[in-house]
Amino acid sequence: MLDWITNITETHLLNEQGSDFKPVIRGILGVVEPHFCPVETRKCNPTENWLFGCKCKKEFRSLGGECKKKPCQLFRHYKEKGPESLSSFVNADSYEEKFRIIMEYVINPTSRALCECPGMIGASINCARKYDGTLFEMAPNMDGQRFYRIVNNLDWKSMKKLLDTFVSAGCGQRNGKDCVAEISNMWIQLGTMLDNTFSGEDSCMSMIRMDNALVNYINTIASFNENSTLNEIVDSFVEVTVDLEREAMCDADCAGEMNNRFYSCCTKHLMEVASSKSMRKIYLKLFKNIWSKVMKFEGSVPNMNNALKKYLTVYDLDGLCGDATDVYGAKNQMCDALEA
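If you're wondering where the values come from, they're calculated on a predicted model, not measured in any experiment.

Undergrad: Any chance you could explain unusual backbone geometry here in plain terms?
TA: Glycine aside, the phi torsion of most residues is negative, and most peptide linkages are trans. Phi at N175 is positive, roughly 55 degrees, even though this residue is not glycine. Looking at the secondary structure, you find N175 in the loop between β1 (173-174) and β2 (177-178).

Next comes the structure, spelled out in structure tokens:
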């Protein structure tokens, strides 16, 4: 995935020197910027708002205050910081640094904007549901029919609940720590783990120590073929994923370091929310909706309830590890006491 991003960046986004966007990209950004940063007017001109449409403009204007400016602020951040960040990503010599750039340039600014203005989620959804722009008329090669099929059939109520819940769970502070930064650091630590693995370092922060579970995971994925049913694929994938996570996080000799690097009061809260019974219902409801209404697959919807329930056990590290270690249980107690 990271190699694909590097290839796209070098081939299509940056100039040969890596100092700026290619002229065609810079031109496109210039064309669409007025749609992210519209001039305040009493009436909306459909011709001037062909990209998002007048209803979308109204949705974001209704957010008021600083929140209505967030799309413009994010757009200009990506535009102005893009060349430097993308060039740094291409030239980074470690996964840790690549993950750090993705977090600092893309994920963190977007997360902070959503934390400050969660109403952007509903506004964005309404932009899709009520789309009245003319992009598909202006660009007939784009698949407008697919867009409208998704928009008209997706369970937007469940999707909004899903996004609202995840954003809310990842915002704020816990144990005096900024949760956006804490969750970002968790992904950067994963980059460190990949670096150590590919350099041959055998340590707690390396996948080499879990070689048997990793080989089993890879072999299982490779065994899937056109004769495998969806339930067989999902059940096998969940089985090896849970085993790999248990091997990574529950080794008594390494659990302490993994706890310190990956597990905080912020990640604990996010994982508890993500694996809650109410969220599990939303996942299953959306899966059923996408399977039958959006993708319109024939036949009955596969039952994913047991597989999902088992997969979500990886979000309860204390329960996953059982008697192997108590470090996650102790962290849970500390975090709960601070929230009391």
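Undergrad: Would you mind going over a nonpolar patch on the surface with me for this structure?
TA: A cluster of nonpolar residues, I290, M295 and F297, forms a patch on the protein surface that exposes about 260 Å² of accessible area. Tracing the chain through its elements places F297 in the loop between α15 (277-294) and α16 (305-311).

Undergrad: In this structure, what is going on with the environment of E298? I would like to understand it.
TA: Among the secondary structure elements, E298 is positioned in the loop between α15 and α16. Between the C-alpha atom of E298 and that of L312, which follows or precedes it by 14 residues, the distance is 28 Å.

Undergrad: When you look at the packing of helix α5 (residues 95-116) against helix α10 (residues 179-198) in this model, what are you seeing that I'm missing?
TA: Packed helix pairs are specified by the crossing angle of their axes together with the interaxial distance, meaning the distance between the axes. At a closest axis distance of 9 Å, the pairing of α5 and α10 adopts a crossing angle of 165 degrees. Judged by the inter-axis angle, α5 sits roughly antiparallel to α10. As for the relative orientation of α5 and α10, their crossing is right-handed in sense. Counted together, Y95, E96, F99, R100, M103, N108, S111, R112 and C115 of α5 and V180, A181, S184, W187, I188, L190, G191, T192, L194, D195 and F198 of α10 form the full contact between these two elements. Across the contact of α5 with α10, the residue classes tally to 11 nonpolar, 5 polar and 4 charged.

Undergrad: Teacher, can you tell me more about the packing of aromatic side chains here?
TA: Aromatic rings in a pair are described by how distant their centres are and how their planes are angled relative to each other. Applying the stated criterion across every chain, the model contains 14 aromatic pairs. Note on F36 and F75: the rings are 4.8 Å apart at their centroids and 15 degrees apart in plane angle, and the pair reads as stacked. On the criterion of sequence distance, the pair formed by F36 in helix α2 (residues 23-36) and F75 in helix α4 (residues 70-91) is long-range, its members being 39 residues apart. Where F287 meets W291, the ring centres are 5.9 Å apart and the plane angle is 40 degrees; that geometry is what we call tilted. Residue F287 and its partner W291 are both found in helix α15; the two are separated by 4 residues, about one turn of the helix. According to the relative accessible area criterion, F287 is partly exposed, its value standing at 25%. Overall, W291 belongs to the buried group, its relative accessible area being 16%. Site record: aromatic cluster; members linked through ring pairs are Y131, F136, F147 and Y148.

Rules behind the numbers
Sequence order as written defines the numbering, with residues in each chain counted from 1. Side-chain atom pairs in this predicted model are given and counted only at pLDDT of 80 or more, local residue features only at pLDDT of at least 70, and totals for whole chains, interfaces and linings cover all residues. No hydrogens and no water enter the side-chain calculation; it runs on all heavy atoms of the structure. For the purposes of this entry, the term helix denotes a DSSP run of H or I that reaches at least four residues, the term strand denotes a run of E that reaches at least two, and both are numbered from the N terminus. Two distance rules govern patches: like charges are joined within 9 Å, and nonpolar side chains (Val, Leu, Ile, Met, Phe, Trp, Tyr) within 5 Å, applied only to residues with over 30% relative accessible area and no salt bridge. Note that accessible areas follow from Shrake-Rupley with a 1.4 Å probe, and for residues the cover is restricted to the protein chains shown. Every case where a carboxyl oxygen of Asp or Glu lies within 4 Å of a side-chain nitrogen of Lys or Arg is listed as a salt bridge. All axes are obtained by fitting lines to C-alpha atoms, using only the stretch in contact for helices, and the reported angles, taken between N-to-C directions, cover 0 to 180 degrees. Working rule for angles: under 35 degrees goes down as roughly parallel, over 145 as roughly antiparallel, 65 to 115 as roughly perpendicular, anything else as oblique. In a left-handed crossing the near helix is turned counterclockwise from the far helix by less than a right angle, and in a right-handed crossing that turn is clockwise. Any two residues having at least one pair of non-hydrogen atoms within 4.5 Å are treated as being in contact. Residue polarity follows a fixed list, in which Ala, Val, Leu, Ile, Met, Phe, Trp, Tyr, Cys and Pro are nonpolar, Asp, Glu, Lys and Arg are charged, and the others, Gly among them, are polar. Side-chain rings of Phe, Tyr and Trp (the six-membered ring for Trp) are treated as a pair once their centres are within 6.5 Å; stacked means planes under 30 degrees apart, edge-to-face means over 60, and tilted covers the remaining angles. Accessible area is worked out with a 1.4 Å probe on protein chains only. A residue is then buried under 20% of its type maximum, exposed over 50%, and partly exposed in between.

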